[in-house]
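Secondary and tertiary structure notes
For reference, the chains in residue letters:
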Amino acid sequence: MRRPRNRETLVPLVAAVVVVAVLLVIAGCSPDRRGFSLSSPLAGGREPARPWETTGMSEELWVIEKSSGDMPRSRGDTEKPPSQGELRAKRGEKEIPLPLEHTDVKAQISAFVATVDVTQKYHNPYDTKIEAVYVFPLPQSAAVTEFVMTIGTRRIRAIIREREEAKKIYEEARRQGKVASLLTQERPNIFTQKVANIEPGKKIDINITYFNPLRYDNGEYEFVFPTVVGPRFNPPGSTGGVGAVPRGKAGRSGQKTEVQYLKPGERSGHDIAISVDVAAGVEIEKIYSPTHAVNVTPRGTNRAQVALSPMDAIPNKDFLLRYRVAGGTLKTALLTHRSKDENTFALVLHPPADMKDLPRMPREMVFVLDCSGSMHGMPIAKAKEAMRRCLRKLDENDTFQIIRFSDNASRLGSAPVPATKENLRRGLEYLDGLTSGGGTMMIEGIKAALDFPHDKEKLRIVSFMTDGYIGNETDILAAIEKKLGSARIFSFGVGSAVNRYLLERMAKIGRGAAAFVGLSEGAGAAVDQFYERASRPALAGVEIDWGRMKVNSTYPKSPPDLFVGRPVIITGHFQGTGKTIVHVKGRCGTEEKSYAIDVDLDGPGAEHQGISRIWARWKIAELSDTETHSPSVELKQEITDVSLRYGILSRYTAFLAVDSLSDTSGTHGVTVNVPVPVPDGVRYETTVEE
Amino acid sequence: MRGILVIALVLAAGTLSAAENTEAKTVFKAWDVRVETGDETLGAYQVEIFYPKTTVKIVGVEGGEPETFRDAPRYDPKGLKGGRIILAAFTTDKKSAPKGTVRVARIHTSIEGKDTPEISAKVTTAGNIDGKKITITVRLSETKREKKGNKNEKTEE
């Protein structure tokens, strides 16, 4: 341990040591040569762990730390203790007893919307009361609408409140020994669950429900359930990011949100079960998971039940389920929901099929490769494979540039070069020589990619190839907004648990599209689709004539550009009944294009209750996008109001449940952060700050 | 070591003192929501609960006593800001639909200050198991705990 460097760090450190000593004295323990050595009887079974019993089992080390709450924290300052009381368990290569036992996911898919119930099963394996804290992912477009805490047979539905107010009530309930739970959103795809005052041996279930529109790409629907938050890099000096720290090292990153990771060889015993009921409405031609072993049970031709194989239950990569339905390219679909306050619709808008026949335009391709530590190994190999394939598809009318970034950025040449055989050979050589390591200073990559003069004769396509493991997403999105100009961004996510929120948002702001390739699937098909999409002109400047539908409050506010094979969803409020014709027009290069869509507002199967909440979620997303570059008190209030009115979680609200009848004994106990494995294919050593 | 213990005790005493002060400010209480259906079976209900929004916050909505209403009722988030909450639940289970006096829900509250707040309830609508509208009454009473623990509680009328 290094010495404290100044008085400011010394005072809280002394206080922390004092409290540690007191806790240990109370526990009837004394320091030995290894430090405060305590052990649990858990080695052989599932009996409660007793952190303060000394049994002399050298493989197990239990430490209780308690510090004052206002410790100064900074990245890499290892002598500073964590900011919260914390119980740590180290059991070598063995399973670590932790409060999250199991996650059960039950999804129902109807039309293009998934309704997903997630049950997190907490228990207390220790012989002291605990608060469990778990940072976990959900899809970035998920509209979290329900939260129920189950204690025994009692079910308590959480209330949505303004975040600060909910936090305050939760802390007070926790302090008073009440069983309570709090769900907050840290990013659109990262959430924190806290469960206070779990008594030894007790179990508490937390059930979360969300709606999520499915991604549809080139004839296939895709259901995604992320199971782990990838380790994020935060630029030096930042505090609002998402830190990646080793298990038991709370507070080390100095970031507002922290994920603790299991060390190589450790496992937590937390497993996951996933079942998906797919009601496609039309015949399912093919259904498969490219990431996990699944058991598929057909229920007639239009329906299938899919279950994750118990052999593949470790939550360390995104679960993907894809299915293709009969009839090739799908037709436009309209879902509606009528209530006494408002009528809501969601329109899936497909680009015209003949866009595929349009000539491709000369491009200025800028490849930006993330060479940071988290891309080490398989991810960078996949990204390189994808880039090689793209490079080989260029022709001599195109130009290209390759930029790499980690702690800094460098590039193939000072300007894009024509895609001649010789230049492509040089480019491939340059690519082969790139290695991974260091931080993820994505901002450097963005500057290098967007801060040079644009050849107006060519369509500038900037392709970011990354896992997106950064904690400062807002800075990155704001920079793209500022520097984009006429470029389009096609983000390409590589890895087993990509930061899809960042990749999707980059593409949205960049008027492009996002594609993803996992580590267990070939990059070929994804690259070919990606290349095709980037090659053809999009249907831009889209305008919609809604016919007899009186439409308002549509989101996205301006229809996005349409790309071959990739529909977009537009949602809004409407008045009207019966059948009408919606006309869509736009420009494809220099050509004007228009097409008509027949819609039936009262047609069979049009009704879908989840639509109004998806509308609200999209409104929040759009307001949040605006907030990245123009934050204001009014925007914050508007997001809060929408969130409270529709009961949808946002960054400014929280779900809170308190069992006011519970009176657990003693103080609030120790906080146990649930550590998670690093995602499959990601190296702990290059991503988690030891 | 003795010195360290003294400092620790002083710190602990300070913490306890602060805790007592805060404890006086906020109390958590539960309220049973009971309906009286007479001879009718209860298939569905919607009730409104009114509370002083400056001192009372709803912090949870719990399900009722009969298995058919054990799931936590749904609430309308739109009503929360105005000092009221609308609760609703239904069952389609004809065999076990309850009748008579039924605890259909329980609300959990945090209350600022020492005064007992005025919390009231009214029925918006109710139906029997066949979907026919019925007349019911609703009562609200504070749930009193019998002993320490999560499960043993009784209601004080």
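Quick notes on the rules
Residues numbered from 1 in each chain as written. Chains lettered and ligands numbered in written order. Predicted model: local features only at pLDDT ≥ 70, side-chain atom pairs only at ≥ 80, totals over all residues. Heavy atoms only, no water. Helix = DSSP H or I, 4+ residues; strand = E, 2+ residues; numbered from the N terminus. Buried < 20%, exposed > 50% of the residue type's maximum accessible area, 1.4 Å probe, protein only. Contact = heavy atoms within 4.5 Å. Areas by Shrake-Rupley, 256 points an atom, 1.4 Å probe, with all protein chains shown as cover. Core = buried A, V, L, I, M, F, W, Y, C linked by side-chain atoms within 4.5 Å. Polar contact = N/O pair within 3.5 Å; in protein donor to acceptor, adjacent residues only side chain to side chain. pLDDT = per-residue confidence, 0-100. Expected span 1.5 Å × (residues − 1). Domains from an automatic or database assignment. Salt bridge = Lys/Arg side-chain N within 4 Å of Asp/Glu carboxyl O. Pairing = 2+ DSSP bridges. Axes fitted to C-alpha atoms, helices over the stretch in contact; angles between N-to-C directions.

**Here's the deal with the overall build of chain B**
- Counting its secondary structure elements, chain B contains 1 helix and 9 strands.
- Helices and strands appear in chain B in the N-to-C order α-β-β-β-β-β-β-β-β-β.
- Every one of the 157 residues in chain B was classed for burial, and the buried ones make up 45%.
- Pairs at least 24 apart in sequence give 77% of the contacts found in chain B among residues at least 6 apart.
- Here chain B has roughly 8700 Å² of accessible surface; of this, 52% comes from carbon and sulfur atoms.

**Structural notes on the nonpolar core**
- Counting residues in each nonpolar core, the largest one holds 112 residues, and the members touching the most others are Phe223(A), Phe225(A), Val276(A), Tyr323(A), Tyr45(B) and Ile85(B).
- Contacts of Phe225(A), omitting those with residues within four sequence positions, involve Val105(A), Val118(A), Leu138(A), Tyr210(A), Ile272(A), Ile274(A), Asp318(A) and Phe319(A).
- In terms of nonpolar packing, the next biggest core, distinct from the first, is built from 38 residues, Val417(A), Leu424(A), Leu459(A) and Ile461(A) among them.

**Topic: the side chain of Ser662(A)**
Residue and element names in this part refer to chain A.
- Turning to its location among the elements, Ser662 is positioned in the loop between strand S35 (653-659) and strand S36 (670-673).
- Ser662 gets classed as buried once you look at its relative accessible area, which sits at 0%.
- A distance of 2.8 Å separates a polar side-chain atom of Ser662 from the backbone nitrogen of Val179.

**Digging into the confidence of the model for chain B**
Residues and elements named next belong to chain B.
- The predicted model of chain B has a mean per-residue pLDDT of 82, with 77% of residues at 70 or higher.
- Across residues 149-157, where pLDDT falls below 50, the model places 34 contacts with residues more than four positions away in sequence or in other chains.
- Across the assembled chains, the prediction reports ipTM 0.84 with pTM 0.84.

**Examining helix H2 (residues 163-175) of chain A**
Residues and elements named next belong to chain A.
- Helix length check: H2 (13 residues) gives 18 Å between terminal C-alpha atoms against 18 Å at 1.5 Å per residue, within 8%.
- Of the residues making up H2, those classed as buried are Arg163, Ala166, Ile169, Tyr170, Glu172, Ala173 and Arg174.
- Gly177 lies just past H2 and shows a positive phi near 80 degrees.

**Quick notes on the domain arrangement of chain A**
Residue and element names in this part refer to chain A.
- By domain assignment, chain A separates into domain 1 (31-78 + 99-326 + 645-673), domain 2 (334-355 + 539-633) and domain 3 (363-535).
- Here domain 1 is connected to domain 3 by 6 salt bridges.
- Of the charged contacts in the structure, one is a salt bridge between Arg215 and Glu504, with a shortest N-O distance of 2.7 Å.
- Across the domain 1-domain 3 interface, the total number found is 12 residue pairs in polar contact (both at pLDDT 80 or more).

**Quick word on the sheet that holds strand S31 (residues 550-555) of chain A**
Residues and elements named next belong to chain A.
- Spatially, 4 strands are ordered S21-S22-S32-S31 in an open sheet, and the strand pairing comes out antiparallel. On the outer flanks of this sheet lie strand S21 (333-338) and S31, each paired with one strand and no other. In this sheet, adjacent strand axes meet at a mean angle of 25 degrees when their direction is disregarded.
- Direction of pairing for strand S22 (residues 343-349) relative to strand S32 (residues 568-575): antiparallel, over a ladder of 6 bridges. Directly across from Leu347, in S32, lies its bridge partner Ile570.

**Quick notes on the environment of Lys168(A)**
All names here are of chain A.
- Structurally, Lys168 is set in helix H2.
- Judged by relative accessible area, Lys168 falls into the exposed class, the value being 65%.
- Measuring from C-alpha to C-alpha, the distance between Lys168 and Asp545 comes to 48 Å, with 377 residues separating the pair along the chain.

**A look at the sheet that holds strand S13 (residues 220-225) of chain A**
Residue and element names in this part refer to chain A.
- The strand order across the open sheet built from 4 strands is S12-S13-S20-S17, with neighbouring strands paired in antiparallel fashion. Each end of this open sheet is capped by a strand with a single partner; those strands are strand S12 (215-217) and strand S17 (284-288). This sheet shows a mean twist of 25 degrees between the axes of neighbouring strands, independent of strand direction.
- Strand direction decides the pairing type here: S13 and strand S20 (residues 319-325), joined by 6 bridges, are antiparallel. Residue pairing in the sheet places Glu220 in a bridge with Arg324 of S20.

**Focus on the pattern of salt bridges**
- Taken as a whole, this structure holds 57 salt bridges over all chains when the rule is applied.
- The partner of Arg74(B) in a salt bridge is Glu146(A), with the nearest N and O atoms 2.4 Å apart. Here the residue Arg74(B) occupies a position in strand S4 (residues 74-75), and Glu146(A) occupies one in strand S6 (residues 143-151), the pair thus bridging two chains.
- The exposure class of Arg74(B) is partly exposed, given its relative accessible area of 48%.
- Of the charged contacts, one joins Arg215(A) and Asp217(A) as a salt bridge, the two residues approaching to 3.4 Å between their closest N and O atoms.
- One connected set of salt bridges, linked through shared partners, spans Arg215(A), Asp217(A), Glu222(A), Asp318(A), Arg322(A), Arg500(A), Glu504(A) and Glu521(A).

**Quick notes on unusual backbone geometry**
Residue and element names in this part refer to chain A.
- Pro556 follows Tyr555 through a cis peptide bond whose omega is -5 degrees.
- Looking at the secondary structure, you find Pro556 in the loop between S31 and S32.
- The residue Asn197 is not glycine, and still its phi comes out positive at about 60 degrees.
- Topologically, Asn197 is positioned in strand S10 (residues 190-198).
- The backbone of Ser553 shows a phi angle near 50 degrees, a positive value even though the residue is not glycine.
- With respect to the helices, strands and loops of the structure, Ser553 is situated in strand S31.

**Focus: the side chain of Thr109(B)**
- Position of Thr109(B) among the secondary structure elements: in strand S6 (residues 99-112).
- There is a polar contact of 3.0 Å between the side chain of Thr109(B) and the side chain of Trp31(B).
- When near neighbours in sequence (up to four residues on either side) are disregarded, Thr109(B) contacts Ser660(A), Val27(B), Phe28(B), Lys29(B), Trp31(B), Val56(B), Lys57(B), Ile58(B) and Val59(B).

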